[in-house]
Amino acid sequence: MATSGAKQGTKIVSKTSAGGAGATAASGGAPIIPLASPLMGKKKKPFLGMPAPLGYVPGLGRGATGFTTRSDIGPARDANDPVDDRHAPPGKRTVGDQMKKNQEEDEEDLNDTNYDEFNGYAGSLFSSGPYEKDDEEADAIYAALDKRMDERRKERRELREKEEIEKYRMERPKIQQQFSDLKRKLAEVSEEEWLSIPEVGDARNKRQRNPRHEKLTPVPDSFFSKHLQSGENHSSVDPLQGPGTPKTSLGGLNTPYPGSMTPGLMTPGTGELDMRKIGQARNTLMDMRLSQVSDSVSGQTVVDPKGYLTDLNSMIPTYGGDISDIKKARLLLKSVRETNPHHPPAWIASARLEEVTGKLQVARNLIMKGTEMCPKSEDVWLEAARLQPGDTAKAVVAQAVRHMPQSVRVYIRAAELETDIRAKKRVLRKALENVSKSVRLWKAAVELEEPEDARIMLSRAVECCPTSVELWLALARLETYENARRVLNKARENIPTDRHIWITAAKLEEANGNTQMVEKIIDRAITSLRANGVEINRDQWIQDAEECDKAGSVATCQAVIRAVIGIGIEEEDRKHTWMEDADSCVAHGALECARAIYAHALQVFPSKKSVWLRAAYFEKNHGTRSSLEALLQRAVAHCPKAEVLWLMGAKSKWLAGDVPAARSILALAFQANPNSEEIWLAAVKLESENNEYERARRLLAKARSSAPTARVFMKSVKLEWVLGNIEAAQDLCTEALKHYEDFPKLWMMRGQIEEQCENMDKAREAYNQGLKKCPHSVALWFLLSRLEERVGQLTRARAILEKSRLKNPQCADLWLESVRLEYRAGLKNIANTLMAKALQECPNSGILWAEAVFLEARPQRKTKSVDALKKCEHDPHVLLAVAKLFWSERKITKSREWFLRTVKIEPDLGDAWALFYKFELQHGTQEQQEEVRKRCENAEPRHGELWCAESKHVLNWQKKTGEILEQVASKIKNTF
């Protein structure tokens, strides 16, 4: 029993301990001491008082989930119950239908047809799951990765897309692009041509095109009188009834109810209508109107057509704005006037508003009221004078003068209103009595006077306005030399800070032959102005010098340039700045200023070859031969090693026909530059041009011994070749090639000499040997290809050009020769294909684009030329192609403009000059032809395919530029 009691006591203790402190044993045992709480004596948990983590549901761990009552989801409904929407479509009218539809939408279609190998299913497999914070972070990371990868490939992708779009547009151009050339031609259609375009054909049938017009028959007066007497009211004539008789209206055979319609059923009309009297009254009214506008004696009109049209114009509103805007503006301005009646702009604006809207009289009334409210406002009085007609305007100005006797603008307006010169003088003199300090009034008064009276007035004017530079200078111009000097001295005393007085004084001394004083006056001017605190503005002084140059005061202009050219410039910038100043002066037409700048620069930099060259070219283009030669003599004295200066001097003497002087200059050049190739060759050219062939040979032999260069050997070979000594030329060529086998021109000359002798095999061998030594010489490839083409070996010529393109990639000249080879052979399709490849490899080559324009058919040439100009805007070959295009379309003016643009951009292109000359021979005058010829001779072109073919031919070696120009122009045919 004891054991069982112990066990029972144990159970009770465990229960009470579990139940809580203070419980006692059931059998009356000793009380149990309460156990201490596990939270007592420990720190507070850290998560207490913090927000619950994301997705936490209280009680979810122990199964205490929330529950939903019927009040949360609404009343229970059967699947067959109708929905609330009485107008629901079939299939959605019951609760079951809608639940089924929602389930179908929630369930994702996982069918195989909805699966993609790369993207998976069309939707997301986990779209129905909860979207938590870690999902959002993952999506942001993936989006950042996608953006980064996209940026890495963006440039390549955009470039590829652009190329694909361009390729697609080239293969499938829009209809708009296909007709672009035709649309451009619409701009050339004149109005007459446009109006002469026939209308579109009418697609309607014959009955619709030619409708039967309604026939209208005039009703006789008897019809109206008959019906008026019968008292019937008809709006139309019944076709069943005939005209009847005056006694009956039922005259038809098909009367519907015989005897039923009698004249007495309606009230008979009592009025009478006499058409004859109506016609008489109408004629009387017309006579009255005509008598009002005609002369009863002569029968001519007395209406003034001008006044009539003026009246009509006055009736037309000139303002095209909104009426409501006018009303708002009128109301606003009225408010301004009433608020501040002494505010002049309000009255002026109100008057101009009424003037714009065509209410001129209202505007005049307003502005006159404004003069009453603002009698001291110049603007109001001037506006009133402008709005009023002639005599009234004079009266208004007279009132203005009474109110404002010191107003210059009112006096000027009063003088403008006068038509008689005497009246103008009278007004201005009256004004000067009141306002004697006004320069504007003095100038207006002086302009109306004769020179003698003007001088007297100006002497009085400078007393009243001693600070006006214009009045002093005008008085000095009208005075004699001595008096003018005194006037300018007085002006300097009164206005010590103005440079124009000093410059005028210098011009005065120069005009009277006292040139030694000019330099002193300008120097004194600079000193005096600086002493008076005036800053010397270099650009303003140079501009004054240019004005002096244009006025013919050369000494003053040069003195000003010398005085101010070095002011405000750093020492290292002097040369560059002075050259820019000289170019600017030349551009403005001030040649003496430019000459003075060059002279000063040469004094400062006597050993600078570039400055001497610039000055020499300036004298060559704008000076005389004597001035050029004098400058070159000074130049070679300071720069004896500058070969180009010696050569320019010798050429100038030679062009003047003074061959001995040219020889002496070259002899001096030899002394200064003993082994100069340029001077040797210039001496040879001088002798050969003057038919001194033996002297030229001796010079070349001496040059080969003292200065043996490739060019000296080449000139030696060419001299023998052009003189007909073929064997000597060949021997010299062989000797030269031993020393300079990498000089392509020697190989070319050797092959051309063999071609001239009809030795095609030797010529081919020479070209092939030359290409082995000089594989990058384009001209050698040309010669070999043309040799094969000439002997009929087209395939070999084509192969040679293909090989040349491999050796020299991206060479536009070789591509052009390949295209022309196919074109000459009649293979236009292959030529077009080659041109497309050439433009891909050399997209910015002007000569290829110029050729591509004329490979196209005529309708597409203009479009091609536009593309060429986009790619090569300033290429002379493209500009020349556009000029030829306009020439072929007979657009003479445009063609001439493009030829001028071409020769201006590239004056060294001989083909442009030849085509321009040919164009002027066909469409220009004699003066235009001579101008082109003269400009070409001055430019001395050396390049161009057609030009070089003639100028370098052995038979034309002594011909001048003008002769070659005529020869090239004569061989040009208008085949384009």
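This structure is a prediction, so every number in the text was calculated from the model and none was measured. (Residues numbered from 1 in each chain as written. Predicted model: local features only at pLDDT ≥ 70, side-chain atom pairs only at ≥ 80, totals over all residues. Heavy atoms only, no water.)

1. Let's talk about the overall build of the protein
Assigned secondary structure in the protein consists of 50 helices and 2 strands. Within the protein, the fraction of its 976 residues that count as buried is 33%. Considering only residue pairs separated by 6 or more positions, the protein has 49% of its internal contacts joining residues 24 or more positions apart. When the accessible surface of the protein is summed, it comes to about 63600 Å², and 53% of that surface belongs to carbon and sulfur atoms. (Helix = DSSP H or I, 4+ residues; strand = E, 2+ residues; numbered from the N terminus. Buried < 20%, exposed > 50% of the residue type's maximum accessible area, 1.4 Å probe, protein only. Contact = heavy atoms within 4.5 Å. Areas by Shrake-Rupley, 256 points an atom, 1.4 Å probe, with all protein chains shown as cover.)

2. Focus: a negative patch on the surface
Residues Glu 132, Asp 134, Glu 136, Glu 137 and Asp 139 make up a contiguous surface patch of negative charge. By secondary structure assignment, the location of Asp 134 is in helix H4 (residues 133-171). (Patch = residues over 30% accessible without salt bridge, like charges linked within 9 Å, V, L, I, M, F, W, Y side chains within 5 Å. Salt bridge = Lys/Arg side-chain N within 4 Å of Asp/Glu carboxyl O. Lys, Arg positive; Asp, Glu negative; His and termini not counted. Charge placed at Lys NZ, Arg CZ, Asp CG, Glu CD.)

3. As for the confidence of the model for the protein
Mean pLDDT over the protein: 77, with 79% of residues reaching 70 or higher. Below pLDDT 50 for its whole length, residues 295-299 participates in 2 contacts with residues either more than four positions away or in separate chains. (pLDDT = per-residue confidence, 0-100.)

4. Some thoughts on the layout of surface pockets
By volume, the second largest pocket is sized at about 1600 Å³. Forming the walls of the second largest pocket are 27 residues, and the residues nearest its centre are Glu 166, Met 170, Trp 849, Lys 864 and Asp 867. Counting only elements with at least two residues in the lining of the second largest pocket, the list comes to H4, helix H5 (175-178), helix H6 (180-186), helix H42 (828-841), helix H43 (846-855) and helix H44 (858-871). At 6 residues, the largest contribution of residues to the lining of the second largest pocket is made by H44. Tallied by class, the residues present in the lining of the second largest pocket amount to 9 nonpolar, 7 polar and 11 charged. (1 Å grid on protein atoms, 1.4 Å probe; cavity = no way out; pocket = protein on both sides within 12 Å on 5 of 7 lines; lining within 4 Å. Points joined across faces, edges and corners; volume = space filled by probe spheres on them. Nonpolar A, V, L, I, M, F, W, Y, C, P; charged D, E, K, R; others polar.)

5. Points about the packing of aromatic side chains
Applying the stated rule across the entire model yields 9 aromatic pairs. Ring centres of Phe 899 and Phe 919 lie 5.4 Å apart, and the angle between their planes is 40°; on these two criteria the pair is classed as tilted. Taken together, the positions of Phe 899 in helix H46 (residues 892-905) and Phe 919 in helix H47 (residues 910-923) put the pair 20 residues apart, joining distant regions of the chain. Phe 919 matches Phe 899 in its accessibility class, with the two residues each being buried. Through pairs of rings, three or more aromatic residues link up here, namely Trp 887, Phe 899, Phe 916 and Phe 919. The ring of Trp 347 has Arg 337 lying over it, and the distance from NZ or CZ to the ring centre is 5.5 Å. Arg 805 extends its terminal NZ or CZ atom over the ring of Trp 815, reaching a point 4.2 Å from the ring centre. (Phe/Tyr/Trp six-rings, centres within 6.5 Å; stacked < 30°, edge-to-face > 60°. Lys NZ or Arg CZ within 6 Å of the ring centre and 35° of its normal.)

6. Some words on the UniProt feature "repeat: TPR" (unreviewed entry) in the protein
Here, UniProt's "repeat: TPR" (unreviewed entry) annotation points to residues 744-777. Overall, residues 744-777 shows 79% helix and 0% strand. The separation of its end C-alpha atoms is 7 Å. (UniProt positions renumbered as here; feature names shortened; annotations may be inferred.)

7. With respect to the pattern of salt bridges
Between side chains of opposite charge, a pair can form as their charged atoms come close. Enumeration according to the criterion identifies 43 salt bridges in this entry. With a shortest N-O distance of 2.2 Å, Lys 891 and Glu 188 are connected by a salt bridge. Of the two residues, Lys 891 sits in the loop between helix H45 (876-888) and H46 while Glu 188 sits in the loop between H6 and helix H7 (191-195), which places them 703 residues apart along the sequence. When its relative accessible area of 39% is taken as the criterion, Glu 188 is described as partly exposed. Arg 796 is paired through a salt bridge with Glu 788; the nearest N and O atoms lie 3.6 Å apart. Through salt bridges with shared partners, a single ionic network connects Arg 786, Glu 789, Glu 817, Arg 820, Arg 824, Glu 851 and Glu 945.

8. Thoughts on the nonpolar core
Leu 441, Trp 442, Trp 541, Ile 561, Val 564, Trp 578 and Leu 645 are the most contacted members of the largest nonpolar core, which has 127 residues in total. Apart from residues no more than four positions distant in its own chain, Leu 441 is found in contact with Val 408, Tyr 411, Ile 412, Leu 428, Ala 431, Leu 432 and Val 435. (Core = buried A, V, L, I, M, F, W, Y, C linked by side-chain atoms within 4.5 Å.)

9. Points about the environment of Leu 182
Topologically, Leu 182 is positioned in helix H6. Taking the relative accessible area as the measure of exposure, Leu 182 reaches 43% and is therefore partly exposed. The sequence separation of Leu 182 and Gln 860 amounts to 678 residues, and the corresponding C-alpha distance is 9.3 Å.

10. Describing the environment of Arg 750
Tracing the backbone through its elements, the reader meets Arg 750 in helix H37 (residues 744-756). With 20 residues separating them along the chain, Arg 750 and Gly 770 place their C-alpha atoms 9.6 Å apart. What Arg 750 contacts, discounting residues up to four positions off in sequence, is Cys 733, Thr 734, Leu 737, Ala 766 and Gln 769.

11. Thoughts on the packing of helix H29 (residues 609-622) against helix H31 (residues 643-655)
With their axes 10 Å apart at the nearest point, H29 and H31 run at an angle of 20° to one another. Taken as axis vectors, H29 and H31 run roughly parallel relative to one another. Seen along the crossing, H29 lies across H31 with a hand that is left-handed. Taken together, the residues of H31 that come into contact with H29 (itself represented by Lys 609, Trp 612, Leu 613, Ala 616 and Tyr 617) are Val 644, Leu 645 and Met 648. Classifying every residue of the contact of H29 with H31 gives 7 nonpolar, no polar and 1 charged. (Axes fitted to C-alpha atoms, helices over the stretch in contact; angles between N-to-C directions. Parallel < 35°, antiparallel > 145°, perpendicular 65-115°, else oblique. Left-handed = near helix turned anticlockwise from the far one by under 90°.)

12. Things to note about a nonpolar patch on the surface
A cluster of nonpolar side chains, contributed by Leu 186, Val 189, Trp 194, Leu 195 and Ile 197, occupies part of the molecular surface with about 520 Å² of accessible area. By the element assignment, Leu 186 lies in helix H6.

13. Let's talk about the side chain of Glu 546
Tracing the sequence through the fold places Glu 546 in helix H25 (residues 538-551). Lys 550 provides the closest opposite charge to the buried, salt-bridge-free Glu 546, at an N-O distance of 5.0 Å. Beyond its immediate stretch of four places on either side in the chain, Glu 546 contacts Cys 585, His 588, Ala 590 and Cys 593.

14. Description of a positive patch on the surface
Where like charges cluster on the molecular surface, the positive patch consists of Lys 685, Lys 715, Lys 718, Lys 745, Arg 942 and Lys 952. By the secondary structure assignment, Lys 952 is in the loop between helix H49 (945-951) and helix H50 (961-971). Among the residues examined, Lys 952 registers a relative accessible area of 54% and is labelled exposed.

15. What about helix H28 (residues 591-604)?
Taking 1.5 Å as the rise per residue, H28 with 14 residues should run 20 Å; its terminal C-alpha atoms sit 20 Å apart, in good agreement. Its buried side turned inward, H28 meets H25, helix H26 (554-564), helix H27 (574-587), H29 and helix H30 (625-638). (Expected span 1.5 Å × (residues − 1).)

16. Considerations on unusual backbone geometry
Located in the positive-phi region is Gln 810, a residue other than glycine, with phi close to 60°. Looking at the secondary structure, you find Gln 810 in the loop between helix H40 (794-807) and helix H41 (812-824). Among the residues examined, Gln 810 registers a relative accessible area of 58% and is labelled exposed.

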